[in-house]
Amino acid sequence: MKKLKLSLKNITKVFATQEVETHALQSLDLDIYAGDFVSICGPSGCGKSTLLSILGLLDLPSSGTFMIENKDVSNLSLTEAAIIRNEKIGFIFQSFNLIDELSVFENVALPLRYNQTALSEKEIYDRVTKCLARVDMCHRIQHKPNQLSGGQQQRIAIARALVGNPAILLVDEATGNLDAKNGDAVMTMLKELNNEGTTICMVTHDPRYADHATTRLHLMDGKIVADAERLAELI
Amino acid sequence: MDLSRELKNSLASLSIVPGYVLTIVLTLGLTLGVLVSMFNLNFLLNFEPLPYPNQDRLVISNWEHKDDGRLRFSNAQNYPGLREMASNRDLFEQLSFIKYGEEIQQNDSKKSKILVAYTGPELMEMLATPFELGRGFQETEAKDTNNSVAVISHQFWQQHFGGEPNIIGQVIQFKDINFSIIGVTASKFIEPQLMAVGRKTQVWVPWDFVNETEKDDANWGLFFIDIFMVGKVKLEQSIIQAEHILTTRINDTFKSEVAGVPYFDKREITVTLPKFEQVILGDATSRTLMVLIGVFVLMLIAAVNITNLVMARAANNQRKFSIQAALGARKVHIFCNIFSEIWLVMTAASFLAIVVAYISNNLLINYTQEYIPRVNELSINGATLVFTFSVAWLLALIFAIVTVQQIKYRKLALALQASGKGAGLQISKKVRTFLMISQVALSAVLVTCNIYVLSTSLESVNKPIGFNIQELSYIDVDLGGVNLSTRDEWVSMLKEIKSRLIEHPAIKDISIASNAPMARTINMEWTVAVTTELGGGKKIGPGIALIDENYIPIIELPIIEGRNFSSNEAIERTKYAVINQTMANMIDMNESAIGKPLYFPRQKVPYLVIGVVKDMTIPEQNDSPRMYIPSINAASFMLKFHEGQAPNAEQLNHLLEQIHSQAYLHDMYSMEEIHHNKVSLDQIFAWCSASLALLSLVLAGVGIYGMFSYTIALRKFELGIRMAIGATPKRITTLILVDAFIPVIIGLFASVMVLYGLYLYINSATDYVVSVQYKGLITAALLILITSMIAGVMAIKSTISKSAIHALNDR
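Residues numbered from 1 in each chain as written. Chains lettered and ligands numbered in written order. Predicted model: local features only at pLDDT ≥ 70, side-chain atom pairs only at ≥ 80, totals over all residues. Heavy atoms only, no water.

1. Some words on the overall build of chain A
The following threshold applies: What counts as a helix is a DSSP run of H or I of at least four residues, what counts as a strand is a run of E of at least two, and both are numbered from the N terminus. Based on C-alpha atoms, the radius of gyration is set beside the globule rule, defined as 2.2 Å times the residue count to the power 0.38. Partly exposed residues are those whose accessible area sits between 20% and 50% of the maximum for their type, while under 20% is buried and over 50% is exposed, using a 1.4 Å probe and protein chains only. The contact rule is simple, with two residues in contact once any of their heavy atoms fall within 4.5 Å. Only the protein chains shown count as cover for residues, and the accessible areas themselves come from Shrake-Rupley with a 1.4 Å probe.
Regarding its fold elements, chain A presents 8 helices and 10 strands. The globule rule puts the C-alpha radius of gyration for 235 residues at 18 Å, and the 18 Å found for chain A is close to it. If you line up chain A on its principal axes, its C-alpha atoms span 45 × 45 × 40 Å. When each of the 235 residues of chain A is scored for burial, the buried share is 51%. For chain A, contacts bridging at least 24 residues in sequence account for 69% of all contacts bridging at least 6. Entry remark: accessible area of chain A is about 10,900 Å², with carbon and sulfur atoms responsible for 50%.

2. Remarks on the overall build of chain B
Let me state the cut-off plainly: Charge assignment: positive for Lys and Arg, negative for Asp and Glu; neither His nor the chain ends contribute. Working definition for charges: the position is that of NZ of Lys, CZ of Arg, CG of Asp or CD of Glu.
Helix and strand content of chain B: 23 helices and 25 strands. Dimensions of chain B, computed from C-alpha atoms along their principal axes, come out at roughly 110 × 60 × 55 Å. Here chain B holds 811 residues, and 52% of them are scored as buried. Considering only contacts in chain B between residues 6 or more positions apart, those separated by 24 or more positions represent 80%. Put simply, chain B shows about 37,000 Å² of open surface, and 58% of that area lies on carbon and sulfur atoms. In chain B, 68 positive and 72 negative side-chain charges are present, and the distance between their average locations comes to 17 Å.

3. Regarding the packing of helix α14 (residues 429-462) of chain B against helix α20 (residues 671-724) of chain B
Residues and elements named next belong to chain B. Counted only if it meets this: Think of each axis as a best-fit line through the C-alpha atoms, taken over the contacting stretch in the case of a helix, with angles from 0 to 180 degrees between the N-to-C directions. The cut-offs work like this: below 35 degrees is roughly parallel, past 145 is roughly antiparallel, 65 to 115 is roughly perpendicular, and the gaps in between are oblique. Take the far helix as your reference; a near helix turned counterclockwise from it by less than a right angle gives a left-handed crossing, and one turned clockwise gives a right-handed crossing. By the convention adopted, Pro, Cys, Tyr, Trp, Phe, Met, Ile, Leu, Val and Ala count as nonpolar, Lys, Arg, Asp and Glu as charged, and the other residues, Gly among them, as polar.
Put simply, α14 and α20 touch, their axes get as near as 8 Å, and they point 160 degrees apart. Judged on the interaxial angle alone, α20 and α14 are roughly antiparallel. Note on packing geometry: the crossing formed by α14 with α20 is left-handed. Across the contact of α14 with α20, the residue classes break down as 23 nonpolar, 11 polar and 2 charged.

4. Observations concerning the sheet that holds strand β24 (residues 636-641) of chain B
Residue and element names in this part refer to chain B. Test applied: Two strands form a pair only when DSSP identifies at least two bridges running between them.
Pairing is antiparallel in the open sheet, where 4 strands are placed in the order β14-β24-β13-β25. Of all the strands in the sheet, the pair left with one neighbour each is β14 (507-512) and β25 (664-670). When strand polarity is set aside, the average angle formed by the axes of neighbouring strands in this sheet is 25 degrees. In terms of strand pairing, β14 meets β24 through 5 bridges, oriented antiparallel. By the bridge assignment for β24, S511 is matched with M638. Contacts from helix α19 (residues 649-659) reach β13 (472-478), β24 and β25 within the one sheet, and its direction differs from that of β25 by about 145 degrees. Lying over the sheet, α20 contacts β13, β24 and β25, oriented at roughly 55 degrees with respect to β25.

5. Re the domain arrangement of chain B
Residues and elements named next belong to chain B. Short version of the rule: For the domain bounds, the source is a domain assignment made automatically or taken from a database. Accessible area, probed at 1.4 Å, shrinks when two parts are joined; the buried area is that loss added up over both. Salt bridges are counted wherever a side-chain nitrogen of Lys or Arg sits within 4 Å of a carboxyl oxygen of Asp or Glu. Any pair of N or O atoms that falls within 3.5 Å is considered a polar contact. Within protein, one atom must be able to donate a hydrogen and the other to accept it, and sequence-neighbouring residues count only if both atoms are side-chain atoms.
By the assigned domains, chain B splits into domain 1 (1-51 + 282-426), domain 2 (62-272) and domain 3 (472-677). Of note, the centres of domain 1 and domain 2, computed from C-alpha atoms alone, are 50 Å apart. Contacts between domain 1 and domain 2 engage 8 residues on the former and 4 residues on the latter. Of the roughly 520 Å² buried at the junction of domain 1 and domain 2 (both faces included), carbon and sulfur atoms supply 56%. Scanning the region where domain 1 abuts domain 2 turns up 0 salt bridges. Joining domain 1 to domain 2, the criterion identifies 2 residue pairs in polar contact (both at pLDDT 80 or more). The residue inventory of the side of domain 1 that touches domain 2, partitioned by class, reads 4 nonpolar, 2 polar and 2 charged.

6. Observations regarding the packing of aromatic side chains
Filter applied, for reference: Any two of the Phe, Tyr and Trp rings considered here, Trp counted by its six-membered ring, make a pair once their centres fall within 6.5 Å; the pair's planes then place it as stacked at under 30 degrees, edge-to-face at over 60, or tilted in between. Charge-over-ring contacts are defined here by two conditions on Lys NZ or Arg CZ: a distance within 6 Å of the ring centre and an angle within 35 degrees of the ring normal.
Under the defined criterion, the tally for this structure stands at 24 aromatic pairs over all chains. Ring centres of F351 of chain B and F389 of chain B lie 5.5 Å apart, and the angle between their planes is 70 degrees; on these two criteria the pair is classed as edge-to-face. Here F351 of chain B, found in helix α11 (residues 331-367), pairs with F389 of chain B, found in helix α12 (residues 382-406); they are 38 residues apart in sequence, far enough to count as distant. Counting every residue linked through ring pairs, the aromatic cluster contains F39, F43, F47 and F387 of chain B. The ring of Y209 of chain A is capped by R208 of chain A, whose NZ or CZ atom sits 4.6 Å from the centre of that ring. Above the face of the Y20 of chain B ring, R313 of chain B is positioned so that its terminal group lies 5.2 Å from the ring centre.

7. Considerations on the pattern of salt bridges
With the rule as written, the count across this model stands at 32 salt bridges over all chains. Among the salt bridges present, the one from D184 of chain A reaches R208 of chain A, with a minimum N-O distance of 3.5 Å. Placement of the pair is D184 of chain A in helix α6 (residues 180-195) and R208 of chain A in helix α7 (residues 207-210), with a sequence separation of 24 residues. Ionic pairing is found between K232 of chain B and E93 of chain B, a salt bridge with its closest N-O pair at 3.8 Å.

8. Re the nonpolar core
Test applied: As used in this record, nonpolar core signifies buried Ala, Val, Leu, Ile, Met, Phe, Trp, Tyr and Cys residues forming a set joined through side-chain atoms within 4.5 Å.
By size, the foremost hydrophobic cluster in this structure holds 80 residues, and its most contacted members are L55, L57, F66 and C201 of chain A together with F708 of chain B. Counting residues per element, this core draws most heavily on α20 of chain B, at 12 residues. Counting 49 residues, the second-largest nonpolar core is a separate cluster that includes L281, A314, A329 and A392 of chain B.

9. What about unusual backbone geometry?
All names here are of chain B. Phi at N54 is positive, roughly 50 degrees, even though this residue is not glycine. Secondary-structure assignment places N54 in the loop between α2 (18-47) and β1 (58-60). Exposure remark for N54: the relative accessible area of 35% places this residue in the partly exposed category. With a phi close to 55 degrees, E556 is a non-glycine residue in the positive phi region. Structurally, E556 can be placed in the loop between α16 (551-555) and β19 (559-562).

10. Section: the interface of chain B and chain A
Facing the 20 residues of chain B at the interface are 25 residues of chain A. For the chain B and chain A pair, buried surface summed over both sides reaches about 1,800 Å², with 62% attributable to carbon and sulfur atoms. Linking chain B to chain A there are 0 salt bridges. Joining chain B to chain A, the criterion identifies 7 residue pairs in polar contact (both at pLDDT 80 or more). Counting only elements with at least two residues in the side of chain B that touches chain A, the list comes to α20, α21 (729-765) and α23 (804-808) of chain B. Of the residues forming the side of chain B that touches chain A, the biggest block, 6 residues, is contributed by α20 of chain B. For the side of chain B that touches chain A, a count of residues per class yields 11 nonpolar, 4 polar and 5 charged.

11. What about the sheet that holds strand β2 (residues 21-33) of chain A?
Within a sheet, each strand pairs with its neighbour through backbone hydrogen bonds, oriented either parallel or antiparallel. Residues and elements named next belong to chain A. One open sheet accounts for 4 strands, arranged β2-β1-β4-β5; its pairing is antiparallel. One side of each edge strand has no neighbouring strand; the edge strands of this open sheet are β2 and β5 (71-72). Bridge analysis of strand β1 (residues 4-16) against β2 gives 9 bridges, and the strand direction is antiparallel. When the bridges of β2 are listed, L4 appears paired with Y33. Sheet strands touched by helix α1 (residues 48-55): β1, β2 and β4 (63-68). Its angle to β1, the strand with the most contacts, is close to 125 degrees.

12. Section: a nonpolar patch on the surface
Residue and element names in this part refer to chain B. Basically, it comes down to this: Every patch collects residues that have over 30% relative accessible area and no salt bridge, joining them within 9 Å if they carry like charges and within 5 Å if they are nonpolar side chains (Val, Leu, Ile, Met, Phe, Trp, Tyr).
Together, Y705, V772, Y774, I778, L782, I786, I790 and M794 give the surface a local cluster of nonpolar side chains, amounting to about 800 Å² of exposed area. Sorting elements by how many residues they give to the nonpolar patch places helix α22 (residues 774-800) first, with 6 residues. Looking at where Y705 falls in the secondary structure, it is placed in helix α20. Its relative accessible area of 35% is what places Y705 among the partly exposed residues.

13. A few points about the environment of Y367 of chain B
Structurally, the position occupied by Y367 of chain B is in helix α11. As a C-alpha pair, Y367 of chain B and L681 of chain B span 314 residues in sequence and 9.8 Å in three-dimensional space.

14. Digging into the side chain of N337 of chain B
In this fold, N337 of chain B is placed in helix α11. Other than its neighbours up to four places away in sequence, N337 of chain B contacts E6, S10, K320, F321 and Q324 of chain B.

15. Points about α12 of chain B
Formally: An expected span of 1.5 Å times one less than the residue number is assigned to each helix.
Relative to the 36 Å expected for 25 residues at 1.5 Å per residue, α12 of chain B spans 36 Å between its end C-alpha atoms, a close match to the ideal helical length. With a side-chain oxygen positioned 3.2 Å from the backbone nitrogen of A383 of chain B, the residue opening α12 of chain B is N381 of chain B.

Written out as structure tokens, the structure reads:
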């Protein structure tokens, strides 16, 4: 029996201005289990990024229940959300989002420095180098992000996402800014991580990469309109 | 380039950012307004000539008294000396004597006090005194004519006679003489305040009416602080030469006249003839200059704030500039665009500044006339307007130049090709850091200086004066009309007044005393030269008070050694003395002064010291020796009232009339009132410095907030990334504050350097002595740090109080 990692129940997200209300997500239910590799596809404006923001506790749902490892996180304070983000979630962004002023080492070490438990410098160093070795970037440890190629920057971003041993890896169009070769390499890396037991939830508009996932969701107008796996099971 | 179109466009552009316009107009309008007012005052004091013809030749006599070449005191002259100086007519085109005094107006039901000047027609000619009604003194009122006429001031005419048009010929009575009013000075007449700042003569009468015993006195050893000779030095005569001639004449005569008096053995008198301007201004110009510098620094802080705002606005306008650049606008066009906008805002601020300066001038006129000379001449004039607009427009030019320097014109033109992303204009980190450092340094300097002024002022205001001033008043009774031929009759009269006054339910206690511990302006106590041995020993010049046994208990002056007088000793005028601590130390630092003899000039029987009392610390007065002698002598009293029951002058006058129909209240003042007057300048300084410190902190806070906001805006996406990977709000706040900490510390360090330079300059190049106050410095540094922290927290609050996605979406 797989362990439930994330659970969304009846989640809605409404963006309201003075004149208009936009329903980005509508009564959405989603369960992600340990070891899952979930891909979320859909056209522009369907709510993919909003869903990922809520999954990553970057934003709060307007209503509904959101559980991470059976803990209700629907209404956390900003500080509590930050702590859970730091301990349970790893992010990989389309535009890498590395901090230009910091070295590769410091970029990767950043989540550890925000950890509630103060880690020793040695421990930080060990964990950072281990993650950099995992993405084969140890030789660039003192470089600044702008001295690296796009593919290298994304590998650093993956190392940063992994360094805190997150419960789930959230991937937002990780290949969007990369050429096909680098994009494939990143996908291979994600697949390997998943095979090693890392739970991944990935937003992509590229069906080629979505096929790598074990669960493929399609989002339309803020609703999940198709779950390919479940559909297959039903058949 | 069409200037009017440029201004029209700028106006339209500004109309959609009212907050930006309002912030600059208010910040600059207020600070520039205060600066303009201070400029006005300094310009008046330093560059505007006095409103008298040939003002640079108008001088007033001053005697400097030196013993062994050391200055003992100045501004004390005597009548024979005045006559001696006046005999040198060849030095002066015109000259006149003047004596300042206070008299009780007898034909006034309230018996109010009037400020009188005794002088001659020459003074009014020298000042070209204009008249509203009547005329000034003429030859018919010159010396030895004994013509009892009076000229009154415009203000006195309005206040005491309600501006009655038929005032000429009416009578004003004092010193039992009826003076017929012959003229009223014009409202525009500005009297030269030669005696004291803020003293405005109400009535001028001829010199002949100075007390005969005084003006005909031939004693060269008796000095007065309220008599002067004023003159217009001849055109061809150098003032230095005139001073030399008069010094020789006065000194030679003085020495021959006081020969044989041991006290004056080594006395030299130097006659100086300071110009009216020097006497009137005193050291006011250096004080007002310090205030001007302080306000200028305040405006610099405001200017740094505005620089930041203008640059941030230019950064916001990058798309507009990019489009203009893409369409062919050159750098000069961008400059004109920025300049015209800021010029409009600064012009608006200038108008507000003029209003603020007008209000500030009126506050100065209403509240500081007693402390700042010529302040009543302040007005908004051409120089004010030129200064205001020059400063504002110069600042506009500087802001525009600094902002344009930040624009990378080449990149600007390419910005549109990059979809408006990334290639535009930003305030460089170097500039931001510089602005932050200067903001902090200027504020720290100003806050430290103001804390220094505030603490010294408060120290002066709160300093215990050594006796109890609560419910304590001094009254002087005029018994001139009472026929008292013997001393016994005089003493009986005084005792009668004392016993009748004590029956009044409001009066708790009473003492007969020649003078009060504190007087309105200069303490009018007598100073007598005493020696510790007959014809030799130490020479001391204590202030003398003739008192009865009640004086020391009434004012609650602590006796630290020996005892007070008894009632009999006061009546009998026993040759005892109670002295203060300073005098006891002057007699002997190591031994007790009790039992020590003190000899008055020409007296063989000494006064024996029977008690030592604590020193009084009167504001504006240095510690000086004092000697209290038991004697019932003067028709003046110290009254202690029951709490809240002090009667007014009219009630006391009524009471005195009941005692004797010819007894009038000549003067009355409460010690609390005198103390309040003496410390009111310090109170004003305390208020001003506290306000200035607060204003600097607020301005610094606003400026630092602006700097933080801009930095946070630039870093918002980066902060979003940090938040996304788990940085808590506290962490983000700490990060921002720690980043700003270095410029703040550099700014504080720079302020210490500036303050040290100021300290060295003031102590070496000016007459002021300032001490290092670490407490003030640390307080200022802490205040700046706290202000910076508050500004930082406020600036980051909007980012950290929202979900991380908001910051991430800000790219």
